[in-house]
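Overview (structure and organization)
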Amino acid sequence: MFLSRLILNNFRNLVELDLELPPGVVVFFGPNAQGKTTLLEAVYLLAVARSFRAENEREVLNFQAAASGGQGLVGGTVQKGGDRVQVFVGYQSSRPAAAEDSPPGNASALAFSLRKQIRVDRVNRTAAQLVGTVNAVLFSADDLRLVQGSPSHRRKFLDILISQGDSQYLRGLQSYQKVVQQRNQLLRMLQERRAGADELEYWDDELVREGAWITWRRREVIRDLAVACAEHHARLAAPEEELRVAYRPSVPPGDSIPATEDQFRQSLAAAGQRERASAHTAVGPHRDDLELLINDLDVGAYGSRGQVRTLALALRLAEATYLASVRNERPIVMLDDVLSEMDSERRSRVLETAGEYEQTLITATDPEPVRRHFGSDARYFRVAGGGVSPCQ
């Protein structure tokens with residue numbers, strides 16, 4: 001799998017772009033704040049239907065286009081073996097009537113809503129239907145949070161990884177999240193004495209059914225992921241560093257899904273008093289975590305910056321290995337400024353691994369470390385002033 005064409009219109013600072021891309025290693029280089037990461041953001045959006053940088057999707061639309069009620073577009077052509085797939089994510093902004101006459105710079109002039117439309121080969125799709133069409137793995141500076149951040153970052157990593165390989169998991173996850181929301185609302189009503197305890201029974205059953213399956217599925221995937229992660233880490237890290245990745249579920253899985261459901265019910269019963277006091281569902285997959293240990297020490301708490309960065313990259317490369325195994329095609333791999341803080345030996349190992357994929361997109365302020373490794377075997381694009389131009 002590789003992206004052969006990327007089309008952007010009013011996507012952040014890239015107002016108009018139509019870029020042909022080759023397979024292999026592609027390097028986007030130039031000064032900071034010119035749009036290098038924005039290019040990777042656009043490619044990743046084609047894979048998971050959301051930006052990895054934006055808290056609110058309105059942020060991705062160019063300010064001038066948004067202020068005038070304009071449109072934005074992210075489009076791509078993906079080559080999969082002998083097949084070609086076209087994916088488009090379009091944005092249409094609209095401003096409320098009260099903001100139409102606001103002078104530039106006025107706070108109300110910034111108010112607008114955004115409607116998103118997704119098409120795959122000219123057929124309308126939902127975000128959930130898009131996921132899995134374009135498989136991509138992204139490593140960015142924010143991935144240090146995979147190791148040092150809260151469990152929510154590691155859960156998000158797992159959910160995106162499994163969803164790209166299994167659409168049933170994504171649907172199950174969405175159902176589970178809705179159940180948790182409904183159950184939390186009922187717990188608040190119980191706390192306020194606006195509902196009876198017997199009303200929890202239905203949502204308990206739904207929580208157990210959906211949650212046990214997700215726990216079981218995560219356990220299966222993490223078993224394979226841990227092996228791949230240890231292998232990549234061994235290639236990138238010092239030889240004396242032994243990595244162990246372990247699943248730490250909120251509900252201990254049994255030896256089958258029905259057994260896991262029984263465990264879930266027991267955990268739920270034990271947490272009943274705590275749940276009524278907090279009005280939040282206390283157990284379930286939304287409380288899971290990954291344990292990351294080097295030589296039996298928690299890397300998030302005790303690892304050096306180099307160890308944390310190497311482990312984060314190993315997790316992403318393990319993600320790529322997993323997706324290749326379940327989709328029978330290697331994903332697009334994107335490395336966003338990952339070389340800047342690495343020593344030459346570790347950088348060489350990363351670049352060697354990057355060259356093994358059908359397409360690897362790399363951003364850097366200085367292309368020379370990549371050029372010394374790949375020479376003319378890579379393609380280079382300068383990013384500056386809102387434009388992207390090929391160069392030698």
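Residues numbered from 1 in each chain as written. Predicted model: local features only at pLDDT ≥ 70, side-chain atom pairs only at ≥ 80, totals over all residues. Heavy atoms only, no water.

1. Examining helix 1 (residues 36–48)
With 13 residues, helix 1 should reach 18 Å at 1.5 Å per residue; the first-to-last C-alpha distance of 19 Å fits that figure. Judged by how many residues are buried, helix 1 sits mostly within the fold: twelve of 13 residues are covered. Looking only at helix 1, the buried set comprises K36, T38, L39, L40, E41, A42, V43, Y44, L45, L46, A47 and V48. Just downstream of helix 1, A49 is the residue with a positive phi angle, here 70 degrees. (Helix = DSSP H or I, 4+ residues; strand = E, 2+ residues; numbered from the N terminus. Expected span 1.5 Å × (residues − 1). Buried < 20%, exposed > 50% of the residue type's maximum accessible area, 1.4 Å probe, protein only.)

2. So, the sheet that holds strand 11 (residues 297–298)
With antiparallel pairing, three strands are arranged side by side in an open sheet as 9-10-11. Each having just a single partner strand, strand 9 (243–248) and strand 11 make up the two edges of the open sheet. With six bridges connecting them, strand 9 and strand 10 (residues 289–294) associate as antiparallel partners. Along strand 10, the bridge assignment pairs R244 with L293. (Pairing = 2+ DSSP bridges.)

3. Some remarks on the pattern of salt bridges
The tally for this structure, following the rule as stated, stands at 26 salt bridges. Notably, a salt bridge pairs R244 with E291, separated by 4.0 Å at the nearest N-O pair. You can see R244 sitting in strand 9 and its partner E291 sitting in strand 10, a full 47 residues away along the chain. Residue classification places R244 among the partly exposed residues on the basis of a relative accessible area of 40%. What makes E291 partly exposed here is its relative accessible area of 25%. Several salt bridges share partner residues, and in doing so they unite R5, D18 and E20 into one network. (Salt bridge = Lys/Arg side-chain N within 4 Å of Asp/Glu carboxyl O.)

4. Quick look at the environment of N9
Looking at the secondary structure, you find N9 in strand 1 (residues 2–11). What makes N9 partly exposed here is its relative accessible area of 28%. The sequence separation of N9 and V43 amounts to 34 residues, and the corresponding C-alpha distance is 13 Å. Sequence-distant contacts of N9, defined by excluding residues within four places in its chain, comprise L14, V15, Q71, G72 and L73. Engagement of the side chain of N9 in a polar contact is seen with the side chain of N10, the distance being 3.4 Å. (Contact = heavy atoms within 4.5 Å. Polar contact = N/O pair within 3.5 Å; in protein donor to acceptor, adjacent residues only side chain to side chain.)

5. Quick word on the nonpolar core
Formed by 67 residues in total, the largest nonpolar core has its most connected members in F157, C229, F264, L311, L313, L335 and V350. Here this core gets twelve residues from one element, more than from any other, and that element is helix 7 (residues 200–236). Residues contacting C229, with those up to four places away along its chain left out, are L243, V245, L311, A314, L315 and A318. In terms of nonpolar packing, the next biggest core, distinct from the first, is built from 44 residues, L46, A66, V87 and L130 among them. (Core = buried A, V, L, I, M, F, W, Y, C linked by side-chain atoms within 4.5 Å.)

6. Describing the pairing of strand 13 (residues 359–364)
In terms of residue burial, strand 13 counts as a mostly covered element, since six of its six residues are buried. Going residue by residue along strand 13, you find Q359, L361 and T363 tucked away on one face and T360, I362 and A364 tucked away on the opposite face as well. Both strand 3 (residues 24–29) and strand 13 contribute to a ladder of six bridges, which runs parallel. By the bridge assignment, V27 is partnered in strand 13 with I362. Pairing of strand 12 (residues 332–336) with strand 13, which is carried by four bridges, proceeds in the parallel orientation. Each residue of the ladder has a partner; that of L335, found in strand 13, is I362. Read as a crossover between parallel neighbours, the route from strand 12 over helix 12 (residues 344–354) to strand 13 is right-handed. (Right-handed = clockwise from strand over helix to strand, strands pointing away.)

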